[in-house]
Amino acid sequence: MARPEEGSLGRRLTAARQARFRRRNNRTGVEGTDASHPAADSPDTKADSSYPQAGPSLPEPGSEPGAHDTAGASVPPPADPDSTIMLRVLRIPTAARLGPRRKPAPPTVARRVAAGVTARLAPVLQGLAPTARRLRPRYPRPGRTGWRRWTPSWRQWLGACLTLIAVTGSLLTVLYVTTDIPEDLNTYATQQDNVFFWSDGTPMARTGWVQRQEMPLKDIPEDVRWAVLAAENASFYSDPGISLSGVSRALWRTVGEGDTQGGSTITQQYVKNVYLSQDRSVSRKLTEAMMAIKLDQQMSKDEILEGYLNTSWFGRGTYGIQRASQAYYGKEVSELNVSEAAFLASLLKGAGLYDPTLSADNHDRAVERWSWILDRMVEIGKLSPTERAKYKEFPEPLKQSQVYDTGHQSDYLVELATQYAKKAAGISDKQFDLGGYQIYTTFDRKREDALTKAVTSARQDAEERDASTAKTAHYGAASVADDGRILAVYGGPDHRTQGFNESNATTVPAGSAFLPFVYAAGLENGVTTERGAPATPVSPDSLYNGDSDVPVSTPEGPYWDRSGKKVTAHNDNDTSWGQISLHKALAHSVNAPFMQLGMDTGLDKVRLTAEAAGMLPSSMGSQVPALTLGSSTPSAIRMADSYATFAAEGIHTEPYSVHRITRNGTDVLLDKPASDRAISSKVADQVTEALTESFVTQHPDAAGESAQVAGKGGTTEKDTAAWYVGTQTSVSTAIVVYRMDLTKSLEPLPLKGVAGSPATDVPYSIWSSAMSPLS
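So, how was this worked out
- Residues numbered from 1 in each chain as written.
- Predicted model: local features only at pLDDT ≥ 70, side-chain atom pairs only at ≥ 80, totals over all residues.
- Heavy atoms only, no water.
- pLDDT = per-residue confidence, 0-100.
- Contact = heavy atoms within 4.5 Å.
- Helix = DSSP H or I, 4+ residues; strand = E, 2+ residues; numbered from the N terminus.
- Buried < 20%, exposed > 50% of the residue type's maximum accessible area, 1.4 Å probe, protein only.
- Pairing = 2+ DSSP bridges.
- Axes fitted to C-alpha atoms, helices over the stretch in contact; angles between N-to-C directions.
- Salt bridge = Lys/Arg side-chain N within 4 Å of Asp/Glu carboxyl O.
- Parallel < 35°, antiparallel > 145°, perpendicular 65-115°, else oblique.
- Left-handed = near helix turned anticlockwise from the far one by under 90°.
- Phe/Tyr/Trp six-rings, centres within 6.5 Å; stacked < 30°, edge-to-face > 60°.
- Lys NZ or Arg CZ within 6 Å of the ring centre and 35° of its normal.
- Patch = residues over 30% accessible without salt bridge, like charges linked within 9 Å, V, L, I, M, F, W, Y side chains within 5 Å.
- Areas by Shrake-Rupley, 256 points an atom, 1.4 Å probe, with all protein chains shown as cover.
- Lys, Arg positive; Asp, Glu negative; His and termini not counted.
- Charge placed at Lys NZ, Arg CZ, Asp CG, Glu CD.
- Nonpolar A, V, L, I, M, F, W, Y, C, P; charged D, E, K, R; others polar.
- Expected span 1.5 Å × (residues − 1).
- Core = buried A, V, L, I, M, F, W, Y, C linked by side-chain atoms within 4.5 Å.

Asks: In this structure, what is going on with the confidence of the model for the protein? I would like to understand it.
Replies: Note: predicted coordinates in regions of low pLDDT should not be interpreted at a detailed level. For the protein, the average pLDDT comes to 80, and 75% of its residues sit at 70 or higher. Low pLDDT, under 50, characterises residues 1–11; the stretch is placed with 16 contacts to residues that sit more than four places away or in other chains. Confidence over residues 184–189 falls short of pLDDT 50; this stretch has 13 contacts with residues more than four positions distant or in other chains.

Asks: I tried to follow the environment of Asp411 on my own but got confused; where do I start?
Replies: Summarising the element assignment, Asp411 is placed in helix α17 (residues 410–425). On the basis of relative accessible area, Asp411 is assigned to the buried category, the value being 3%. Residues Asp411 and Asn501 lie 90 residues apart in sequence; the distance between their C-alpha atoms is 9.8 Å.

Asks: Before we go on, may I ask you to explain the sheet that holds strand β3 (residues 194–197) in this structure?
Replies: Hydrogen bonds between backbone groups are what pair the strands of a sheet, and the pairing can be parallel or antiparallel. One open sheet accounts for 5 strands, arranged β4-β3-β8-β18-β19; its pairing is mixed. A single partner strand is all that each edge strand has here, and the edge strands are β4 (203–207) and β19 (666–667). As defined by bridge partners, strand β8 (residues 437–441) adjoins strand β18 (residues 658–663) across 5 bridges and the pair is classed as antiparallel. Across the sheet, residue Tyr440 finds its bridge partner in β18, namely Arg660. Each of β3, β4, β8 and β18 touches α17; the most contacted strand, β18, lies at about 75 degrees to it.

Asks: Help me understand the environment of Leu413, please; the structure alone is not making it clear to me.
Replies: Among the secondary structure elements, Leu413 is positioned in helix α17. On a C-alpha basis, the gap between Leu413 and Ala205 in space is 9.3 Å, while along the polypeptide they are 208 residues apart. Beyond its immediate sequence surroundings of up to four residues, Leu413 is in contact with Trp198, Met204, Phe443, Glu448 and Val489.

Asks: What is the right way to read the pattern of salt bridges from this model?
Replies: Side-chain pairing between opposite charges can occur once the charged atoms of the two side chains come close. Taken as a whole and assessed by the stated rule, the structure comprises 16 salt bridges. In this structure, the salt-bridge partner of Glu611 is Arg607, at a minimum N-O distance of 3.5 Å. In this pair, Glu611 and Arg607 are both assigned in helix α24 (residues 603–613), 4 residues apart and thus about one turn of the helix distant. Judged by relative accessible area, which is 25%, Arg607 ranks as partly exposed.

Asks: I keep staring at the sheet that holds strand β10 (residues 486–490) and nothing clicks. Help me out?
Replies: Ordered by their spatial adjacency, 5 strands build an open sheet running β10-β9-β23-β22-β21, and the pairing between neighbours is antiparallel. For this open sheet the edge positions go to β10 and β21 (709–715), each flanked by a neighbour on one side alone. Within this sheet the neighbouring strands show an average axis-to-axis angle of 10 degrees, counted without direction. Pairing of strand β9 (residues 473–481) with β10 involves 4 bridges; the strand directions are antiparallel. Residue Ala478 lies in a different strand from β10, and its bridge partner there is Val489. Sitting on the sheet, helix α25 (residues 636–647) is in contact with β9, β10, β21, β22 (721–728) and β23 (731–739), with an inclination near 35 degrees to β9.

Asks: Would you explain the packing of helix α13 (residues 338–346) against helix α15 (residues 360–379) in this entry?
Replies: A packed helix pair is summarised by two numbers, namely the angle formed by the two axes and the spacing between the axes. Following both chains from N to C, one finds α13 and α15 inclined at 120 degrees, their axes separated by 9 Å at the closest point. On the basis of their axis angle, the class for α13 and α15 is oblique. Helix-helix and strand crossings are classified by hand; for α13 and α15 the assignment is right-handed. On α15, the residues that touch Val338, Ser339, Ala342, Phe343, Ala345 and Ser346 of α13 are Ala366, Arg369, Trp370, Ile373, Leu374 and Met377.

Asks: Help me understand the packing of aromatic side chains in this model?
Replies: The relative placement of two aromatic rings is captured by the distance of their centres and the angle of their planes. Applying the stated criterion to the full structure yields 19 aromatic pairs. Here the aromatic residues Tyr328, Tyr329, Phe343, Trp370 and Phe394 are joined through ring pairs into a cluster of three or more. The side chain of Lys301 reaches across the aromatic face of Phe236, ending 4.8 Å from its centre. Over the ring of Trp370 we find Arg388, and its NZ or CZ is 5.9 Å from the ring centre.

Asks: I'm lost on a negative patch on the surface in this one. Help?
Replies: There is a patch of like negative charges on the surface, built from Glu214, Asp302, Glu303 and Glu306. Its place among the elements puts Glu303 in helix α11 (residues 301–311).

Asks: For this particular structure, what's the right way to read the packing of α25 against helix α26 (residues 681–698)?
Replies: Running from amino to carboxyl end, α25 crosses α26 at an angle of 110 degrees, the nearest separation of the two axes being 7 Å. Accordingly, the angle class assigned to the pair α25 and α26 is roughly perpendicular. Only Ala684, Val687, Thr688 and Leu691 of α26 make contact with α25, whose side of the interface consists of Tyr643, Phe646 and Ala647. A class-by-class count of the residues in the contact of α25 with α26 yields 6 nonpolar, 1 polar and no charged.

Asks: Just to check I follow, could you spell out unusual backbone geometry for this structure?
Replies: Negative phi values dominate among residues other than glycine, just as trans dominates among peptide bonds. Geometrically, the link from Ser757 to Pro758 is a cis peptide bond, its omega value of 0 degrees lying close to zero. In this fold, Pro758 is placed in the loop between β23 and α27 (761–771). In this structure, the amide linkage connecting Ser772 to the following residue, Pro773, adopts the cis form with an omega of 0 degrees. Backbone geometry places Asp549, a non-glycine residue, at a positive phi of 65 degrees. Counting through the fold element by element, Asp549 comes out in the loop between β11 (543–545) and β12 (550–551). Look at Glu649: it is not a glycine, yet its phi comes out positive at around 60 degrees. Here Glu649 lies in the loop between α25 and β17 (651–653).

Asks: What am I meant to see in the pairing of β22 here?
Replies: Each regular strand shows side chains that alternate between the opposite faces of the sheet. Counting buried positions along β22 gives 8 out of 8 residues, so the element sits mostly inside the fold. For β21 and β22, the ladder comprises 7 bridges, and the chain directions are antiparallel. Residue pairing for β22: Ala710 is matched across the bridge by Thr727. From the end of β21 to the start of β22, which pair antiparallel, there are 5 residues, and Asp719 there has a positive phi angle of about 55 degrees. The antiparallel pairing of β22 with β23 creates a hairpin that spans 2 residues between the two strands, and Thr729 there sits at a positive phi of about 60 degrees.

Asks: Whenever I open this one, α25 confuses me. Can you help?
Replies: An α-helical turn contains 3.6 residues, so a residue and the one three or four places further along point in the same direction. Helix length check: α25, at 12 residues, gives a terminal C-alpha distance of 17 Å against a target of 16 Å (1.5 Å per residue), a fit within 8%. Counting buried residues in α25 gives 11 out of 12 residues, a clear majority hidden from the surface. Ala636, Ile637, Arg638, Met639, Ala640, Asp641, Ser642, Tyr643, Ala644, Thr645 and Phe646 are the residues of α25 that are buried. Remark: Glu649 follows α25 within two positions and exhibits a positive phi of approximately 60 degrees.

Asks: Is there a simple way to think about the nonpolar core in this case?
Replies: Nonpolar side chains in soluble globular proteins tend to end up buried together. Counting 80 residues, the largest nonpolar core has Phe514, Phe517, Met639 and Trp723 as the members making the most contacts within it. Top element by residues in this core is α17. It accounts for 8 residues.

Asks: Please explain the pairing of β3 as it appears in this structure.
Replies: Covered by surrounding structure in β3 are Asn194 and Phe196 together with Val195 and Phe197, the residues of both alternating faces. Bridge analysis of β3 against β4 gives 4 bridges, and the strand direction is antiparallel. Each bridged residue has a counterpart across the sheet, and for Asn194 the counterpart in β4 is Thr207. What sits between the antiparallel neighbours β3 and β4 is a turn of 5 residues, in which Gly201 has the positive phi angle 90 degrees.

Structure (structure tokens):
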């Protein structure tokens, strides 16, 4: 074999020499370079005698016996020994290079925990990595065309669904574990009294609305129990406390549609009744479900059903099946039949919607649900078809039970304030029945006493004159301030025997007490006597024909009624006044000028002016000439409020009876009554001046010259009502006297002297006594 050239011998080391070289270095701590090291490749590399040596000198290449080249042949020593000298590198320990060695700080607890978790999860994550790579979306998806390039694969859909299930399950598990039930399962926020206060802050009345009487389940008939179960939760004895489909449906409706109806088992309803608030939210629904599951494991089904039947609201201020039975049927729960029980069960869906005595619509709903509950009992095997066939007629409950039983006038005040409080504060019947409210009313104790005393005296006088006529007499009265505050009302002789409030009744016409609104409409809008012509202003001094029986005219001629007769205006006692100013006509209550003024102004404008002043649209009469003579039927409260608009210089404020509400010391948000300008201040002053002259003309010695008193009486065409409405300073009071036999009809009867002679004597007498002193 040919001998390799000397240059190649200097540039390359055999495998055996390199191996020995590495073993020697390992023993001496010296690192050598291999054949690829630049120092070994260069034939000009020289050993540096000044470089520190880490061990014994290496022998010259080729000095050891048995040296061979890469082909296995013996390699003779090179001609130039220096060309094979190897560069030796000193291995310097790390500690020597970096200085004194420091002891590493011990790992923190968080680092140890993280390390442990990482160590445990590492194998799992490594195993899931291929799956994750396959599930990782790749968009657009390779190998797909069109819209399929952008749709997830079935693996991705599966992964998303499994993840959602896992997360949802974990959240529900955490919620279940963290939800606690109060230790005392009988804890319940019992009813509190509602307290009503006079305007001076002193207590006026205290009402305990909620009535409850605990009844053991054994004393509640089985038919009654199953009527409730059929209506609310037929699977009660077999379900785990919740209905998964029902909860899902309720949550869907809550989130998707803003509705929280449905989905509750009896256990859930019981939990809501005794442990939770009545707010409607997803969180409350989930908490309710978790508590229901736990409660179902801690209590027997009979215990839960007993608690539910004793805490549920049935309307009419009653909580519990026993009180509901007494309120609606006047009997103990043990005496109920299955038909009556089915009706009471229907109330659990909402007593305000299913109490048939409240409205015709309620009655229809109640009958429909009552029938469905009985059919449902047959369907679940708790009522035989034969027994069901016996109940074809709806078991009509008693009329609305009396909430108050004192019999005093304050009962009417409480009723009026309650209605306003619920509306203005947005309080439901159920919330109000739970109690705890402090209602601060606008009623003035002194004015209320004076008004009640005056009406009571008039009643007694009427009974002494003619007991049979006085038996059907009614007196409505109310005092309202010019800022809308209702200061006093007279609602009737006894709330226990007459539930409706006479001060708030819209049953009889206003008669000539309506004339100021016609006068105000004319002054405010002007008149039009020619079709299409612009309105012409009128003033208090404008003259009109004051004769009785004068035909009412339009721009086209006389006004004809539907029977083909000319409509004429009639004055009291058919007195004719000739040409008379509007101011004087109002002061002397002359009807004829105002009937024509109403036509000239426009009956629509008259109606709008009266409504703006405070009259309810529902009480307004038909838009015919009779409207100007008081065919409308306002209540005493609304008539007083409307006259107060004149005293308030044309500003009308909706009448209100409550100015503040608190619940357990916390203020309840209360809507403020609306205030709007009804007529200009100038027109209001002109009306007040005419009413002041009317009062002075009719009662010249009743008040001093400095007294700010204005008012007028009102009579009707058929003598069915007599009014007196007047204002002293800033308070207006309206008195109405009429007759009506409520046992026969709602048609007003002739007064037959009940109102005195002249016909406004009694109303004025009551008014002056209530407003005294008039100085």
